[in-house]
Amino acid sequence: MPEYILARDQFQRIEHLLPGREGSPGGTAKDNYLFLNAILYILKNGTPWRQLPEEYGYWKNVHKRFSRWCKSGVFNIILEALAKEKDKRAQMLLLDSSVVRAHQHAAGASSPVGDEALGRSRGGFSTKIHASVDENGCPHKLFLSGGQVHDSQYASNLLQDSAASYVLADKAYASDKIVQQIKNMGSTAVIPPHQSSKTARPYDRGLYKRRNVIERFFNRMKQYRGVSTRYSKRAANFLGCVQLVSIMITLAI
């Protein structure tokens, strides 16, 4: 019997957004539930695609289908739909990043398509996941970069389309430009100033403690071995992995 990581009631919340549903263009899929569980099996265990158990289907077909979904942005569409289910202004938006060590097999993609989000940092050969989440730990935006890229370079992207009362982040986001962008959004920045800052900018120290919400988000994400270590050569495929795990986190909240 296949190992079902995605529960049936969770699948019912997203099945209307998946390719191959009845009435949508193209062929009608009969196994979207099994297919998603096949991907989650790979991610949960960090298993090579070639070692996917036969009950999930032929590994090469599953991998090709997964790559198509990543390329067409299926998982991002699902994440955005889940975010829109919340019809109220978020109380908090939290920004942060986390470095993921890249396996040596993640390098060397044939005919690289632009930046494959790989680089070298103190942690070695790595990829950095940039994320923003709400006060419940549900993701708002997700981006990838090489591990050496500074957090602040993705702040503007993470703040897009947000309407939170407070924005929480660490000192990596403490530049005047980022703080001003947050103010222009009508939000209050809860970001400690740099120690070298000449201006003592006040911030709510009590509220700042809630920043552990995004730290717990990354902790839950990295319980999937296929995300805690990057095995994918393509940035689009690894982003799809990150998005699918984020969907699982959102469905569980």
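Undergrad: Can you lay out the pattern of salt bridges for me, pointing to particular residues and giving the numbers?
TA: Evaluation of the coordinates by the stated rule reveals 7 salt bridges. For Asp161, the salt bridge identified is with Lys141, shortest N-O distance 3.3 Å. You can see Asp161 sitting in the loop between helix H5 (155-159) and strand S5 (166-168) and its partner Lys141 sitting in strand S4 (residues 139-146), a full 20 residues away along the chain. On the accessibility criterion, Asp161 (67% relative accessible area) is exposed. When its relative accessible area of 17% is taken as the criterion, Lys141 is described as buried. Ionic pairing is found between Arg211 and Asp170, a salt bridge with its closest N-O pair at 3.9 Å. Taken together, the residues Arg211 in the loop between helix H7 (205-208) and helix H8 (212-221) and Asp170 in the loop between S5 and helix H6 (176-184) connect sequence positions 41 residues apart. With respect to burial, Arg211 and Asp170 carry one shared label: buried. One connected set of salt bridges, linked through shared partners, spans Asp96, Asp170, Arg211 and Glu215.

Undergrad: I'd like to hear about the pairing of S4, residue by residue, with values.
TA: With 6 of 8 residues buried, S4 is to be regarded as a mostly interior element. Bridge count between strand S3 (residues 124-134) and S4: 7 bridges; the pairing is antiparallel. Paired with Ile129 across the strands is Leu144, a residue of S4. Joining the antiparallel neighbours S3 and S4 is a turn of 4 residues, in which Gly137 adopts a positive phi near 90°.

Undergrad: Talk me through the packing of aromatic side chains; I want residue IDs and the actual numbers.
TA: Counted under the stated rule, the structure contains 11 aromatic pairs. For the ring pair Trp69 and Phe75, a centre distance of 5.9 Å and an interplane angle of 55° mean the geometry is tilted. What links up through ring pairs into an aromatic cluster is the set Phe35, Trp49, Phe66, Trp69 and Phe75. The lysine or arginine in question, Lys44, covers the ring of Tyr224, its NZ or CZ lying 4.5 Å from the ring centre. In this arrangement the basic side chain of Arg65 is found over the ring face of Phe35, its NZ or CZ atom lying 4.1 Å from the centre.

Undergrad: Residue-level account of the side chain of Thr47, with values.
TA: Positionally, Thr47 belongs in the loop between helix H2 (32-45) and helix H3 (59-72). Residue Thr47 is classed as buried on the basis of its relative accessible area of 15%. The residues contacting Thr47, other than those within four sequence positions of it, are Tyr41 and Ile42.

Undergrad: Please give an account of H6 that cites residues and values.
TA: Along H6, the residues classified as buried are Ile178, Val179 and Ile182. One face of H6 carries all of its buried residues, which in axial projection span an arc of 100°. Structural note: H6 exposes Asp176, Lys177, Lys183 and Asn184 on the side pointing more than 90 degrees away from its buried face. One or two residues past the end of H6 sits Gly186, with phi positive at roughly 85°.

Undergrad: Mind laying out the environment of Ser156, listing which residues take part and the relevant values?
TA: Mapped onto the secondary structure, Ser156 falls in helix H5. Among the residues examined, Ser156 registers a relative accessible area of 32% and is labelled partly exposed. Between the alpha carbons of Ser156 and Ile182 there is a distance of 9.2 Å; along the sequence they are 26 residues apart.

Reading guide: rules and limits
- Residues numbered from 1 in each chain as written.
- Predicted model: local features only at pLDDT ≥ 70, side-chain atom pairs only at ≥ 80, totals over all residues.
- Heavy atoms only, no water.
- Salt bridge = Lys/Arg side-chain N within 4 Å of Asp/Glu carboxyl O.
- Helix = DSSP H or I, 4+ residues; strand = E, 2+ residues; numbered from the N terminus.
- Buried < 20%, exposed > 50% of the residue type's maximum accessible area, 1.4 Å probe, protein only.
- Pairing = 2+ DSSP bridges.
- Phe/Tyr/Trp six-rings, centres within 6.5 Å; stacked < 30°, edge-to-face > 60°.
- Lys NZ or Arg CZ within 6 Å of the ring centre and 35° of its normal.
- Contact = heavy atoms within 4.5 Å.
- Arc of directions from axis to C-beta.

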